[in-house]
Amino acid sequence: MNPLVIAIALPMLAAGQLLLGRSVFGGKVAACIGAVAMSGSFLALCVAHGASAGDGWYASVDKPWIDALGVHFHLGLDGISWPLAMMTAFLAVLGCVSLFKDDTEPSLVALVLVISGASIGVFASLDLLLFFLFFELALIPMWFVIAWWGDPHDQEGRRYAATRFLLFTVLGSAFMLVGFVIVAVHAHTLQITAIADSGINAQTTIPLAAVAVIAIGFAVKTPLVPLHTWLPDAHSKAPTVGSVLLAGVFLKLGTYGLIRICVDMLPESTARIAPYLAVAGVIGIIYSSLACLAQDDLKRMIAFSSVGHMGFVVLGLSTMSEVGVAAAVFGSVAHGLITGLLFFNAGWLKERYGTASLKAMGRGLYARAPWLGAVFTFAAVASLGLPGLGGFWGEMLSLRAAYDVGPVLDKSLAWILLGVAATGIILTTAFFARAIRLLNQGEPTPQPADRDLTVNERMIGAALAASIIVLGVAPGLLMGPIEVAVKSVLGAS
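Comments concerning helix H8 (residues 205-221)
Across its 17 residues, H8 extends 25 Å between first and last C-alpha, which sits within 8% of the 24 Å expected from 1.5 Å per residue. For H8, the full list of buried residues reads Pro207, Ala210, Val211, Val213, Ile214, Ala215, Gly217, Phe218, Ala219, Val220 and Lys221. Among the structural elements, helix H5 (128-149), helix H6 (155-187), helix H9 (230-237), helix H10 (240-265) and helix H11 (267-293) are those in contact with the buried residues of H8.

Regarding the packing of aromatic side chains
This model, assessed by the stated rule, comprises 17 aromatic pairs. Ring geometry for Phe123 versus Tyr256: centroids 5.3 Å apart, planes at 85°, classification edge-to-face. On the criterion of sequence distance, the pair formed by Phe123 in helix H4 (residues 106-124) and Tyr256 in helix H10 is long-range, its members being 133 residues apart. A relative accessible area of 0% places Phe123 in the buried class. Between Phe392 and Trp393, the aromatic rings sit 5.0 Å apart at their centres with planes inclined by 80°, giving edge-to-face as the arrangement. Feature note: the residues Phe131, Phe135, Phe180 and Phe218 constitute an aromatic cluster, connected by ring pairs.

A short note on a nonpolar patch on the surface
Among the surface-exposed residues, Leu171, Phe175 and Ile216 lie close enough to one another that they form a single nonpolar patch of about 250 Å² accessible area. Mapping Phe175 onto the fold places it in helix H6.

Focus: the pattern of salt bridges
This structure, assessed with the given rule, holds 11 salt bridges. In this structure, Asp264 engages Arg260 in a salt bridge whose closest nitrogen and oxygen atoms are separated by 2.8 Å. Here the residue Asp264 and the residue Arg260 both occupy positions in helix H10, the gap between them amounting to 4 residues, near one helical turn. As far as burial versus exposure is concerned, Asp264 and Arg260 are alike and both buried. Each of the salt bridges in this network shares a partner with another, and the network as a whole consists of Asp151, Asp154, Lys237 and Lys350.

A closer look at the state of the cysteines
Per the counting criterion, the structure on display carries 0 disulfides. We note that Cys96 lacks a disulfide partner, and the nearest cysteine sulfur, in Cys32, lies 9.6 Å from it.

Quick notes on the pairing of strand E2 (residues 71-77)
The buried count for E2 comes to 5 of 7 residues, which makes it a mostly enclosed element. Where strand E1 (residues 58-66) meets E2, 6 bridges bridge the pair, whose relative direction is antiparallel. Residue pairing for E2: Lys63 is matched across the bridge by Phe73. Connecting the antiparallel pair E1 and E2 is a turn made up of 4 residues, with Gly70 showing a positive phi of about 70°.

A look at the packing of helix H16 (residues 370-383) against helix H18 (residues 411-440)
Describing two packed helices takes the angle between their axes plus the distance from one axis to the other. Orientation of H16 relative to H18, taken along the N-to-C sense of each, is 175°, at an axis distance of 10 Å. Between H16 and H18, the angle falls in the class roughly antiparallel. On H18, the residues touching Gly373, Phe376, Thr377, Ala380 and Ser383 of H16 are Thr428, Phe432, Ala435, Ile436, Leu439 and Asn440.

Procedures and definitions
Residues numbered from 1 in each chain as written. Predicted model: local features only at pLDDT ≥ 70, side-chain atom pairs only at ≥ 80, totals over all residues. Heavy atoms only, no water. Helix = DSSP H or I, 4+ residues; strand = E, 2+ residues; numbered from the N terminus. Expected span 1.5 Å × (residues − 1). Buried < 20%, exposed > 50% of the residue type's maximum accessible area, 1.4 Å probe, protein only. Contact = heavy atoms within 4.5 Å. Phe/Tyr/Trp six-rings, centres within 6.5 Å; stacked < 30°, edge-to-face > 60°. Patch = residues over 30% accessible without salt bridge, like charges linked within 9 Å, V, L, I, M, F, W, Y side chains within 5 Å. Areas by Shrake-Rupley, 256 points an atom, 1.4 Å probe, with all protein chains shown as cover. Salt bridge = Lys/Arg side-chain N within 4 Å of Asp/Glu carboxyl O. Disulfide = S-S within 2.5 Å. Pairing = 2+ DSSP bridges. Axes fitted to C-alpha atoms, helices over the stretch in contact; angles between N-to-C directions. Parallel < 35°, antiparallel > 145°, perpendicular 65-115°, else oblique.

The following block contains the structure:
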């Protein structure tokens, strides 16, 4: 069987098994089933990387599905989508490990598996309708994750946050679907790989209208200011595994869509809206940094920081240069791993102290729970872009792409955006330094809930920290396949 089909089907089948037999499986057994299923998905993706057909796609499969609509079951990964799919499976495995508890509901593990499998499906889809179906399949279960297993102290708040998340994302999906229909009608195909050669790019008004509405849909998911307002509430009320998937995977569905659907499929029209995307991304960098400086809730602070990091990703891809698009992909993967670690850490703190308030959790965590404090500091300095860690390369290459201007941005605009974005790095350093000082340093304020990392928390922290260090010291491991795919996307020789 095709390894991509296995990677998507394994978590779906395991989810079905857990939902049908949830009265039979205990919490730890369900978590083990989920971890095994996602580990199998991860291994299948590893195999898929070696199954190249020689056309730049890994383990591609293309079978007619709905003849009346011209829909194909068309899957394939390249150097852009493969790292994102691998990151999704990796985070899902760790998410299942974090649920290794007696009181874990098998239904929660099942929803995590559905979300992860559907997200891998998005990254692998090469048919517009298939892309949309997987995209929606990833969204809906998250409502249940937030609304049913979110903040146990605020049932009304978690349902409000879940509903707000769903309304924003469904509205964005509606815009995206309209754009897909416009493209499909005028290109006479739903195949992403064929649309760029269909002749629609030679037109002006039609592809521009399609790209505009598609970009709005993906901007909600990325998210770009001012379409970001669903994110802080969703993160603050979501359970730990929900926050990890929201930040590590869901935001990447938006940035990946901008690259695969806009930059790759409709490049000429995307070039016309690229300056607006770049400006929105840089506004998000500054706005989110200032918002972070005002936060007391650790989960809201990390959520706002994600808006800024995605701003760097959007700035890079908006240059439509090889360096910029590569920076966007690398930055997306690095952000997923780093923010995943930050949200795991914030979740561990909230489980102990019943709150994510920096003031309420007390100071001097280095003395009270040294490993817990050390993990937070490591994730924070990785997020602010310390050289030698994974977060450095995405940000620096995005700034380099703006300095080089690229083929679509005006030089004066690109350099202004470069200066503003660089200021954002200073602000990012400021708010993370503030958080480290308030939580880890100062006179210790011991609390009865103080305890250091458990065994499975140490496993999760070590796995993510190791991956962040590897990306920092050996970025070529990821940049190699990314650069090959980026050249193909941009039509470079």
